[in-house]
Each structure stands twice: as structure tokens, then as C-alpha cells.
Amino acid sequence: MSQREFDLIQRYFRQAVSPAADLPVGIGDDGAVVLAGNTNLAWVMDTINEDVHFPHDAPGAAVGHRALAVNLSDMVAMGAQPRWMLLSLCLPEVDEAWLADFSDGLLSLARDSGVTLAGGDTTRGPLSVAVTLLGPLHGQAVQRSGARPGDRLLVSGTLGDARAGLDIALGDGHAADAVESELLKRYLYPQARLALSPLLARHARAAIDLSDGLVGDLTHLLSASGVGATIHSQRLPRSRALMAHAEEESDALALSGGDDYEILCAVAPEAVETLVREAAAEGIMLSDIGEITQGPELTVLDRDGQPVPLEAGFSHFGDDDA
Ligand SMILES: Nc1ncnc2c1ncn2[C@@H]1O[C@H](COP(=O)(O)OP(=O)(O)O)[C@@H](O)[C@H]1O
Ligand SMILES: Cc1ncc(C[n+]2csc(CCOP(=O)(O)OP(=O)(O)O)c2C)c(N)n1
Ligand SMILES: [Mg+2]
């Protein structure tokens, strides 16, 4: 979410009493936390719209997969276990072949993630899918606000692939070779890092999932925590496919490409080794990209130690027309 979207929510929706006893985490994090009986449940919602979040010719299975994956990623960032899903489906028309494909993409990911569809809503209008997930925390809620100066910044997987894949999807939509098809897949089928969720609950001070681009989302974590950071562009993890496809632009794609759905976390230096080892045992690579500073600035250094000019993250409404 950009500053503009944040300002709109602050102005019209943010309630005075938050957090409350039964709402330990309210508006402003990757998800809310509600206290039901004596269980803390994380609760998230993300919507995806045709031509905004996915192209009109995206396969139905990719749309179904994405609608759930982007929400799973928010649950992971909170350190929660996704359990129950509500699905709101807004369809322009009934296309049964598309629906079969869509439900396949959605429900096979749900099955693999241990999520049950509990209800929803179906309406007619421009194609849009909203998913809500609910589930218990693995331990402490992992919030955006917990980072402290001296913490290391770790990021999962590789960055920039999805943005390169989006450009391929918006071209003729066909991958020319194995490299392009890998990048296209990274865009069309984001993989939430579910296995990281309990590890974050144990070892991370703060986390956010990367939907808008590293710089934009890191900025949110920094302002929630009241700290700054220095990161190093040559440490940003990049896939072989990205380097083969767009090495020259790979810094920019990794810094602000968007749609990565990787996890960025701040970790006390003494906890880094254990977290990296436990994540590796789950098949998840974590890269140390820099450190939290007193702040409030975010500085990105290039390989010569020179600051890189920063681009803002993705914004639905633009930042300048407020
Ligand atoms: N219309 C809204 N009403 C209330 N809260 C909202 C609304 N839209 C977004 N939020 C809240 O604002 C925060 C940031 O939203 P967003 O950037 O979409 O988070 P994320 O990138 O994790 O999906 C979240 O806590 C979200 O719940
Ligand atoms: C067809 C298409 N064009 C552009 C994008 C790029 N894009 C659209 S929304 C977005 C940011 C993430 O979406 P948002 O609704 O802000 O998700 P949230 O931050 O709430 O998780 C990005 C990078 C895309 N995914 N698909
Ligand atoms: Mg959102």
C-alpha cells in the first residue's frame, strides 16, 4: 500500500480505539489479530482485480491460485497458520470452463496449504476476487513495528522475477524459452512461504510480505518500527533466470519490481544463524541484505558504496494527486 492509499484509510476508516483488548493488532499490519476466547487469530484480506493484479487473458487457474497465494503470504508475514477461507467472487458472466480452471487453481492450493473454504459471496460485475483467511498465530504476532537498530534484514527466495514475468505476460503472453517461462511462472503463480511462518514467530522481530516492491514495503516496515535501514544492492538475491533475461535491469527489478510475495524480516543478530538454518531445512533460502539503523532514512548502496536513487513502491492511486 502506498502513502496515498494509507492516507485514505487513515482519513476514512481508522478507528480511534485500536488496538483493543480483543483486537491486539488492528489496521496497519499485514493482518489483524483478534482474541477469540483465549486464542489469538490472524485475519487477512486481499482482493485481486482483472487488469490491475492480473491480465485479462491470465489462465483461470492462475487467477484462483493468486487470489489465495497473496493472502497466504500475509498470514505468513504475521506468523500465523492459515485455516479458514471466505471467497468473494465477482464475475462478468458465467464461463464454466474458466470457472472450472479457476476453482482448480484455488482449491488445489487450499488443499496443499491446509485451508478450508468456509463460505463467501458471488455477484456480477467486473472480474474481481477477494479472499479472507483466518487462522491461529504460531506464537507471538510478528508485526511490522518490531525492528530495532542493529537487526539484520533478511529476505526469502529471489526478487524481481515476477516483474520480469509481468512484462512477458503483457507482451504477447507467450514465453520464448525456458528462462521466460520460469519468469512468467513466478509472476502467474506466486508461492507463499508457508513453512517460514512458525520460524518467523520464533526468531523474527518484524516482518512484512513483499507485494509492492522491496523498497516500498521495506519503507512500511521502517516507518512502523520508527527506524531506518541500509541495504546493499549487490546482496539482493536474484535468480539465474532473471540474470539470463535482464541482468542490466536486475538491480531495479529486485528493488522495486513488485509481485514478489517473498518475506522480508528483521532479525536480532544472534538469531540469524538459527533462522537461516531452519529455513534452509525447509528449502527456503534467506539472504542478509543489510541492517536496521537508528534512521529514519532508507539508504541503498550500490557495489561501489554509492547511494542509489530510490523509486516508490506500487501505488493504486498515485502519490502526487492527494
Ligand atoms: N478499506 C480498508 N479498511 C480498513 N482497513 C484497511 C482497508 N484497506 C486496507 N486496510 C488495512 O491497511 C493496512 C495495509 O493494507 P495493505 O497495504 O493492503 O496490506 P498488505 O500489503 O499487507 O495487503 C492493512 O492493515 C489493511 O488491513
Ligand atoms: C496486469 C498487472 N499489472 C500490474 C501489476 C503490478 N501490480 C499490481 S497491484 C501490485 C501491488 C500489490 O497489490 P496490492 O493490491 O497493493 O496488494 P497488497 O499490498 O494489498 O498486498 C502490483 C505490483 C500486476 N500484478 N498485474
Ligand atoms: Mg492488501
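Predicted model, so just to flag it, every value in this text is computed and none were measured.

Caption draft 1: The overall build of the protein chain, seen in detail. Within the protein chain one finds 10 helices and 11 strands. Computed over the C-alpha atoms, the radius of gyration of the protein chain is 19 Å, within 12% of the 20 Å expected from 2.2 N^0.38 for a compact globule of 322 residues. Projected onto its principal axes, the C-alpha coordinates of the protein chain cover approximately 55 × 55 × 45 Å. By residue count, 49% of the 322 residues in the protein chain fall in the buried class. By sequence separation, contacts in the protein chain at least 24 residues apart represent 82% of the contacts at least 6 residues apart.

Caption draft 2: Expanded view of the pairing of strand β6 (residues 152-156). Judged by how many residues are buried, β6 sits mostly within the fold: five of five residues are covered. The side-chain alternation of β6 yields two buried faces, one formed by R152, L154 and S156 and the other by L153 and V155. Where β6 lies against strand β9 (residues 263-267), four bridges are found, and the strand directions are antiparallel. By the bridge assignment, L154 is partnered in β9 with C265. Bridge count between β6 and strand β10 (residues 286-293): five bridges; the pairing is antiparallel. Directly across from L153, in β10, lies its bridge partner G290.

Caption draft 3: The arrangement of the UniProt feature "binding site: Mg(2+) 2" (unreviewed entry) in the protein chain in detail. When the UniProt feature table is mapped onto this chain numbering, "binding site: Mg(2+) 2" (unreviewed entry) sits at D46 and D74. Across 29 residues in sequence, these annotated residues keep their C-alpha atoms within 8.7 Å of one another, forming a single compact spot. The residue D46 is located in strand β2 (residues 39-49) in this model. For D46, a relative accessible area of 29% gives the class partly exposed.

Caption draft 4: Region of interest: the site of ligand 1. With respect to spatial proximity, the complete set of residues near ligand 1 consists of M1, I9, F13, I27, G28, D29, D30, D46, D74, R144 and S211. Interatomic distance of 2.7 Å between a backbone N/O atom of D29 and an oxygen atom of ligand 1. Residue D46 places a side-chain N or O atom 3.1 Å away from an oxygen atom belonging to ligand 1. Isolated, ligand 1 exposes 560 Å² of accessible area, and the fraction of that covered by the protein chains is 69%. Considering only residue class, the shell around ligand 1 consists of four nonpolar, two polar and five charged.

Thresholds applied
Residues numbered from 1 in each chain as written. Chains lettered and ligands numbered in written order. Predicted model: local features only at pLDDT ≥ 70, side-chain atom pairs only at ≥ 80, totals over all residues. Heavy atoms only, no water. Helix = DSSP H or I, 4+ residues; strand = E, 2+ residues; numbered from the N terminus. Rg over C-alpha atoms; globule rule 2.2 N^0.38 Å. Buried < 20%, exposed > 50% of the residue type's maximum accessible area, 1.4 Å probe, protein only. Contact = heavy atoms within 4.5 Å. Pairing = 2+ DSSP bridges. UniProt positions renumbered as here; feature names shortened; annotations may be inferred. Near = heavy atom within 4 Å. Polar contact = N/O pair within 3.5 Å; in protein donor to acceptor, adjacent residues only side chain to side chain. Areas by Shrake-Rupley, 256 points an atom, 1.4 Å probe, with all protein chains shown as cover. Nonpolar A, V, L, I, M, F, W, Y, C, P; charged D, E, K, R; others polar.

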